[in-house]
Amino acid sequence: MNAALRLSWYKFKHHYMDFVKVLLGIVAFEGLILYIKDFETTRMTLFLLLFSTSLLIVVQNSIYISKERSVLNRDFFSGLSRSAFALASMGIHAFFAVLETIVFILSYSVFSKFFDKEFPDAGHIFGSYRWEVGITVLLVFLASHFIALFISALVGKSEITSVILAVVVGIMQFSLSGTILSLPKAIDWVQKFIYLGYGHKLFGISSDLSDLPSSLAKYGVPVPKSQLEAFQGSTGEFWGQWWALVLHCLVYALLFFVTLQKKEK
């Protein structure tokens, strides 16, 4: 495990600017999205905040292993434990997710006040709105990191393939979440496999989204209430959405762990 941690730390020291770019990207995306005044509704604002930042994380980290596959294969051949490396990688990326969540919440708070975006002081189940949203964002970012690690371990040495697959995953998160585009009843079960949809619903419930008017309402084009029903739920349902996100994180982490072991054959 010590060798795996040292290798992970070595990778971070030599590629720390990639992480800095992600942090700067999170701030830039939040500033740009919250600056735009005429969104269809705050529903889209919250979705774009999560979608843009999580996609950035997935794409940036999808080459974590593939860009140094030859070096890692040499280290694995020399006796480095794949299991220890997988655990060390997930631990470091979990730490990255915590830092990214802190940056997200801080910049979200600053930009919201600067651009006069009003959101609740208290959350749906917690007394603090920021803490509640912070847990949701952390789980979304954890899922993004772990699915990126899985992609990186799955693809092999091709960085381009890793990025393309990460973008495809991002597009699927957007189109199949069910919170922005309505899905036919025949395939609405797909939403259960889209972690961003859970994150968007939780973010919207915490923000009292179902009670917020559309920004186009002043032009006589309000968003139908049926489109905001997804952002209503009891405390039990809210906890259920959180646990669903936890399950997504665990599944992606397990897929990464197993995929890395199979590369030994």
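Residues numbered from 1 in each chain as written. Predicted model: local features only at pLDDT ≥ 70, side-chain atom pairs only at ≥ 80, totals over all residues. Heavy atoms only, no water.

1. Here's the deal with the overall build of the chain
Each helix and strand counted, the chain has nine helices and zero strands in total. For the chain, the α and β elements follow one another from N to C terminus as α-α-α-α-α-α-α-α-α. Every one of the 265 residues in the chain was classed for burial, and the buried ones make up 49%. Look at the contacts in the chain between residues 6 or more apart in sequence, and 79% of them connect residues 24 or more apart. Summed over its atoms, the accessible surface of the chain is roughly 13,100 Å², and 68% of this surface lies on carbon and sulfur atoms. (Helix = DSSP H or I, 4+ residues; strand = E, 2+ residues; numbered from the N terminus. Buried < 20%, exposed > 50% of the residue type's maximum accessible area, 1.4 Å probe, protein only. Contact = heavy atoms within 4.5 Å. Areas by Shrake-Rupley, 256 points an atom, 1.4 Å probe, with all protein chains shown as cover.)

2. Comments concerning the nonpolar core
A general feature of soluble globular proteins is that nonpolar side chains tend to end up buried together. The biggest cluster of nonpolar side chains holds 60 residues, and the ones touching the most others in it are Phe104, Tyr108 and Phe203. For this core, the secondary-structure elements that each account for two or more residues are α2 (16-35), α3 (42-61), α5 (82-114), α6 (129-155), α7 (159-176), α8 (195-206) and α9 (235-262). The contact partners of Phe104, leaving out residues within four places of it in the chain, are Ile26, Glu30, Leu49, Thr53, Val137, Phe141 and Phe203. (Core = buried A, V, L, I, M, F, W, Y, C linked by side-chain atoms within 4.5 Å.)

3. Things to note about the packing of aromatic side chains
Tallied over the entire structure, the rule returns 12 aromatic pairs. An angle of 85 degrees between the planes, with centres 5.8 Å apart, marks the rings of Phe104 and Phe141 as edge-to-face. Residue Phe104 is located in helix α5, and its partner Phe141 is located in helix α6; the two are separated by 37 residues in the primary sequence. On the accessibility criterion, Phe104 (0% relative accessible area) is buried. For Phe141, a relative accessible area of 0% puts it in the buried group. (Phe/Tyr/Trp six-rings, centres within 6.5 Å; stacked < 30°, edge-to-face > 60°.)

4. Some details on the packing of α8 against α9
In contact at an axis separation of 9 Å, α8 and α9 are set at 150 degrees when each is read in the N-to-C sense. The angle between α8 and α9 falls in the class roughly antiparallel. Crossing of α8 over α9 shows left-handed handedness. Within the contact between the two elements, α8 uses Tyr195, Tyr198, Gly199, Lys201, Leu202, Ile205 and Ser206 and α9 uses Phe238, Gln241, Trp242, Ala244, Leu245, His248 and Tyr252. The residue makeup of the contact of α8 with α9, split by class, is nine nonpolar, four polar and one charged. (Axes fitted to C-alpha atoms, helices over the stretch in contact; angles between N-to-C directions. Parallel < 35°, antiparallel > 145°, perpendicular 65-115°, else oblique. Left-handed = near helix turned anticlockwise from the far one by under 90°. Nonpolar A, V, L, I, M, F, W, Y, C, P; charged D, E, K, R; others polar.)

5. Focus on α6
Along its 27 residues, α6 runs 39 Å from first to last C-alpha, staying within 8% of the 39 Å computed at 1.5 Å per residue. Counting buried residues along α6, 21 of its 27 residues qualify, which places the element largely inside the surrounding structure. (Expected span 1.5 Å × (residues − 1).)

6. Topic: the packing of α6 against α9
Here α6 crosses α9 at 20 degrees, and the two axes come no closer than 8 Å. Classified by the angle their axes make, α6 and α9 are roughly parallel. Of the two elements, α6 crosses α9, and the hand of that crossing is left-handed. The class makeup of the residues in the contact of α6 with α9 is 21 nonpolar, two polar and one charged.

7. Structural notes on α8
Because each turn of an α-helix spans 3.6 residues, side chains separated by three or four positions in sequence point in the same direction. Taking 1.5 Å per residue, 12 residues should reach 16 Å; α8 reaches 17 Å between its end C-alpha atoms and fits that length. Of all 12 residues in α8, 12 are buried, a share of seventy percent or more. Within the sequence span of α8, burial applies to Tyr195, Leu196, Gly197, Tyr198, Gly199, His200, Lys201, Leu202, Phe203, Gly204, Ile205 and Ser206. Positive backbone phi, approximately 55 degrees, marks Asp208, located one or two places after α8.

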